[in-house]
Every structure is written in structure tokens, then in C-alpha cells.
Amino acid sequence: MEDHKELAQFIAGNLSDSYHVLTAENGNEALEITLEKMPNLIVSDVAMSEMNGFEFCKILKSNIDINHIPIIMLTARADAESKLAGLSYGANDYLVKPFSVEELKLRIENLLNLQNRQYEYFQKHFLKPEANITEPATKEPDPIENLHQEFLNRIYEIIDKNLDD
């Protein structure tokens, strides 16, 4: 989402060789697209019609269904107050115009790599219930601990079954 159509087309064109790019005319449309398509990352301008980038970011980060999506804010406003505002609303990165397309690509790649590493960590450490059993086999079974472990196993099953959702 970018306030100038030509710049939005330029950014989308430069990113489309590496990514599937969706564009929006304004913040409200961007929110609709985000809720429907669940993108892996969002690049948004601060200056947008109908809903500015700060408002969009605040709504995005306050919605539990989409608050995990990283967002890079683009703006011509280079002052510290604007940067702090964007970051305080939950933006993951803040890039001041004019910027290098290569820098934007690297920031996107870094955020997506971080997201993938977090996903792998989650799968490795939380989807293996047997790895959470740490008591020795000679210890007498504790009925409360058994209930606790059964509960955790059930949670792991539900998460594993619905992880793609």
C-alpha cells in the first residue's frame, strides 16, 4: 500500500520477481485483503487515504487473527517522532523515502527469515509432547502430573492438526 500509484506500481514490480504481491488502494482495502488473504508480510505507506498507515498498523496489531504479520512502514517523514510513532503501533520496521529497492528487499527477506525460524522453533519445541517428559522412569507416577501431561498432549494434537489454519 502506497499513497502514490506510480511508486506503488514500481515497488510491486520490483518485488514481484521474488514474491507474490497484492496491492491495495487505501488502508481499508488493505485491511480487507489482509483478513482475506493472510499475507506473510505487509509493506505500507504511512500516508494513505481513508486510513493512514499508523491507524492501519494499530488495527492490524490489535487483531489476534492478523497481529503476527510483520509490517514495514514506508514514509517520507524522517523525524524521530514519526519513527517512534510507527514503531509504537507495532511496525516491525520503518523505512524512510527515498529508499533503495535493494534495502527494502533485504528488510523483507530478513523479516521473512525470522518468521520462518520462529515457525521452525515452534514446531521443534512445542509440537513434540514426548520431549516434554523429563521425570525419570523409576519415579512413582503422579496422577496430577499424568493429567497435566494428557492435557498438554491434547493441546499438541489440536495445534498440530490445525497448524495450517
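Remember, predicted model here, so these are calculated numbers, not experimental data. Sequence order sets the numbering: in each chain, residues are counted from 1 along the sequence as written. Totals for whole chains, interfaces and linings use all residues, but because this is a predicted model, local features are given only for residues with pLDDT of at least 70 and pairs of side-chain atoms are given and counted only at 80 or more. For side-chain calculations, the full set of non-hydrogen atoms in the structure is used, while hydrogens and water are omitted.

## Structural notes on the pattern of salt bridges
Item 1. A side-chain nitrogen of Lys or Arg and a carboxyl oxygen of Asp or Glu constitute a salt bridge if their distance falls within 4 Å. With the rule as written, the count across this model stands at seven salt bridges.
Item 2. Glu 36 serves as the salt-bridge partner of Lys 37, at 3.8 Å between the closest nitrogen and oxygen.
Item 3. The exposure class assigned to Lys 37 is partly exposed, which follows from its relative accessible area of 49%.
Item 4. Partly exposed residues are those whose accessible area sits between 20% and 50% of the maximum for their type, while under 20% is buried and over 50% is exposed, using a 1.4 Å probe and protein chains only. Since its relative accessible area comes to 60%, Glu 36 is described here as exposed.
Item 5. Among the ionic pairs, Lys 97 bridges to Asp 45, the shortest N-O distance being 2.6 Å. Of this pair, Lys 97 sits in the loop between strand E3 (93–96) and helix H5 (101–126) while Asp 45 sits in strand E1 (residues 42–45), and the two are 52 residues apart along the sequence. Helix and strand assignments come from DSSP, with helices taken as H or I runs of at least 4 residues and strands as E runs of at least 2, each series counted from the N terminus.

## What to know about the layout of surface pockets
Item 1. Note on definitions: the grid is 1 Å and covers protein atoms alone; a cavity is a set of points where a 1.4 Å probe fits but cannot get out; a pocket is an open set with protein on both sides within 12 Å along at least five of seven lines; lining residues have an atom within 4 Å of a point. Grid points are joined across faces, edges and corners, and a volume is the space filled by probe spheres set on the points. The computed volume of the largest pocket comes to approximately 710 Å³.
Item 2. Taken together, 22 residues line the largest pocket, and the ones lying closest to its centre are Asn 40, His 68, Gln 115, Tyr 119 and Leu 163.
Item 3. Top element by residues in the lining of the largest pocket is H5. It accounts for eight residues.
Item 4. The class makeup of the residues in the lining of the largest pocket is 11 nonpolar, seven polar and four charged.
Item 5. Quantified by volume, the second largest pocket comes out at close to 600 Å³.
Item 6. Together, 24 residues line the second largest pocket, and His 20, Val 21, Leu 22, Leu 41 and Ile 42 are the ones closest to its centre.
Item 7. Elements that contribute at least two residues to the lining of the second largest pocket include exactly helix H1 (5–15), helix H2 (27–37), E1 and H5. Under the scheme applied, nonpolar residues are Ala, Val, Leu, Ile, Met, Phe, Trp, Tyr, Cys and Pro; charged residues are Asp, Glu, Lys and Arg; polar residues are all the others, including Gly.

## Re the nonpolar core
Item 1. Of all hydrophobic cores here, the largest spans 17 residues; its most connected members are Ile 42, Phe 56, Leu 60, Ile 71 and Met 73.
Item 2. Of all the secondary-structure elements, those providing two or more residues to this core are H2, helix H3 (53–62) and strand E2 (71–75).
Item 3. It is H3 that provides the largest number of residues to this core, a total of four residues.
Item 4. Note on contacts: a residue pair is in contact if any heavy atoms of the two residues lie within 4.5 Å. Residues in contact with Ile 71, not counting those within four places in the same chain, are Ile 42, Ser 44, Phe 56, Cys 57, Leu 60, Lys 61, Gly 90, Ala 91, Asn 92 and Asp 93.
Item 5. What we call a nonpolar core is a set of buried Ala, Val, Leu, Ile, Met, Phe, Trp, Tyr and Cys residues that are connected through their side-chain atoms within 4.5 Å. Membership of the second largest hydrophobic core comes to 12 residues, among which are Leu 15, Leu 95, Phe 99 and Leu 111.

## What to know about H2
Item 1. By the burial criterion, the buried members of H2 are Gly 27, Ala 30, Leu 31 and Thr 34. Within H2, the buried residues cover an arc of 100° as seen down the axis, which keeps them to one side. Opposite the packed face of H2, turned more than 90 degrees from it, sit the exposed residues Glu 32 and Glu 36.
Item 2. Tucked inside the fold, the buried residues of H2 contact E1 and H3.
Item 3. Contacts described as polar in this section are N or O atom pairs within 3.5 Å, which, within protein, must combine one atom able to donate a hydrogen with one able to accept it, while residues neighboring in sequence count only if both atoms come from side chains. The N-cap residue of H2 is Asn 26: its side-chain oxygen and the backbone nitrogen of Asn 28 are 3.0 Å apart. Note that the arc is computed from the directions linking the helix axis to the C-beta atoms.

## Observations concerning the side chain of Lys 105
Item 1. For Lys 105, the position within the fold is in helix H5.
Item 2. Accessibility expressed as a relative area gives 18% for Lys 105, which makes it buried.
Item 3. Excluding residues that lie within four positions of it along the chain, Lys 105 makes contacts with Asn 14, Leu 15, Asp 17 and Tyr 19.

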